[in-house]
Amino acid sequence: MAAHAENLSPEEAKAKNVRKILTVTAILAGITGVEFLLAFTMPAGTGRNIIFLILTIAKAFYIVADFMHLRHEVKSLIMALLLPTAFIVWLVVALIKEGGAMYIGRF
Amino acid sequence: MATTTNAPVLGQHRTIWDGGTEPLKASYGKLMMWFFLLSDTFSFAGLLITYGMIRYSHSSFGEYLAATGKPETTPFSFSIDYWPVPEQVFDAIPFFEVHLPLVFVGIMTFILIVSSVTMVLAVEAGHRMDKADVQKWMLWTILGGMAFLGCQAWEWSHFIHGKGAIGTLMPDGNLFLGANLVQNQYGPPLFADLFFFITGFHGTHVTSGVILNMLIFYNTTMGVYERTGHYEMVEKIGLYWHFVDLVWVFVFTFFYLI
């Protein structure tokens, strides 16, 4: 961890790390709160779904980057894990389009 | 992180061709955990995207009203003709007969996020070689995991037994209350199937996570990691536990919110 590099005492390192963890926790709780608010105040539709998607990816970013420490790994490891998820993006586009075609075929 | 902890790293004194180097500057165990999680990401993505595809291939309530010429103000009721609105399905909490959409699933999300936080704190304590702190935070994490599983058991039970007293008209002309893999009162059969598959697959992951957390707690208590000289195992299981939390974040959005 960065704390070791800066030669902090164990108490200082603990305080610093715990502060960081609590900050991320507050961000995650805040985003979830916003999602709840939107679920009850905004009419359902594509616009709201896109906002939900963005907020979810933001939460995922904080969990993976800070809780799983991926932010502190070497760049090649980050890329080795992030690039394959492009296949997921492709599958989303392909199957949602397929679902729409099935709907048209049925009704 | 293995390269920056003060603790000795396994294989430090080996030669290059004997596992002496760490590719991507991460230990073997952590790399393998990361790649396992990547493959698990594909499993869950497959399930959630299937949900999206099947949902798009069914009528939504609005599309059904438009197609049948009913007014837009028609109140929502369950029918096998269209996909249900999630907040109408998941609106119950234990012990109270009230309509509180998404509150219970919100509590479950909160429990899982908190247990993820206590896991990070356990990992942080491991970096400082603080055995008592690791034990304390691991116990909280185990408790959080169990609380989540208890909530899910209640939610499943409520979903299976059904709500209301009448049930929904099935294609065979009978009324059906509750849900199983063949028919359900909430909407098309695939709705309940996907509910059982997706939350069940996630719940299985939580269950194995709780068991792994218990093993870590046991090993910590027995001083295994103190003797090894580092708490990297807590980090590796921590990665898995955060992943389970991460998956729930997506399940929450795609199954309950959208």
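Residues numbered from 1 in each chain as written. Chains lettered and ligands numbered in written order. Predicted model: local features only at pLDDT ≥ 70, side-chain atom pairs only at ≥ 80, totals over all residues. Heavy atoms only, no water.

**Quick word on the overall build of chain B**
Move 1: Counting secondary structure elements, chain B contains eight helices and two strands.
Move 2: When the helices and strands of chain B are listed from N to C terminus, the series reads α-α-α-α-α-β-β-α-α-α.
Move 3: Its C-alpha radius of gyration of 23 Å places chain B more than 25% over the 18 Å reference for a compact globule of 258 residues.
Move 4: Each of the three principal axes of chain B carries a C-alpha extent, and together these read 75 × 40 × 30 Å.
Move 5: By residue count, 52% of the 258 residues in chain B fall in the buried class.
Move 6: Within chain B, contacts between residues separated by at least 24 positions form 65% of all contacts whose residues are at least 6 apart in sequence. (Helix = DSSP H or I, 4+ residues; strand = E, 2+ residues; numbered from the N terminus. Rg over C-alpha atoms; globule rule 2.2 N^0.38 Å. Buried < 20%, exposed > 50% of the residue type's maximum accessible area, 1.4 Å probe, protein only. Contact = heavy atoms within 4.5 Å.)

**Describing the interface of chain A and chain B**
Move 1: The interface is formed by 50 residues belonging to chain A together with 51 residues belonging to chain B.
Move 2: At the boundary of chain A with chain B, total buried surface from both sides reaches about 4600 Å², with 77% on carbon and sulfur atoms.
Move 3: Run the count over chain A and chain B and you get one salt bridge.
Move 4: When the shortest N-O distance is used, the salt bridge between A:Lys14 and B:Asp133 registers 3.5 Å. (Buried area = accessible area lost by both parts, 1.4 Å probe. Salt bridge = Lys/Arg side-chain N within 4 Å of Asp/Glu carboxyl O.)

**A short note on the domain arrangement of chain A**
Move 1: Along its sequence, chain A is carved into domain 1 (1-72) and domain 2 (74-107).
Move 2: Computed over C-alpha atoms, the centres of domain 1 of chain A and domain 2 of chain A are 24 Å apart. (Domains from an automatic or database assignment.)

**Digging into the packing of aromatic side chains**
Residue and element names in this part refer to chain B.
Move 1: Under the criterion given, the structure shown has 36 aromatic pairs over all chains.
Move 2: Geometrically, the ring pair formed by phenylalanine 61 and phenylalanine 76 is edge-to-face, given 4.9 Å between the ring centres and 80° between the ring planes. With phenylalanine 61 in helix α2 (residues 61-68) and phenylalanine 76 in the loop between α2 and α3 (86-89), this residue pair connects regions lying 15 residues apart in the sequence.
Move 3: A relative accessible area of 14% means that phenylalanine 61 is categorised as buried.
Move 4: Judged by centre distance (6.1 Å) and plane angle (20°), the ring pair of phenylalanine 250 and phenylalanine 254 falls under stacked. Of this pair, phenylalanine 250 and phenylalanine 254 both sit in helix α8 (residues 232-257), separated by four residues, roughly a single helical turn.
Move 5: Since its relative accessible area comes to 22%, phenylalanine 254 is described here as partly exposed. (Phe/Tyr/Trp six-rings, centres within 6.5 Å; stacked < 30°, edge-to-face > 60°.)

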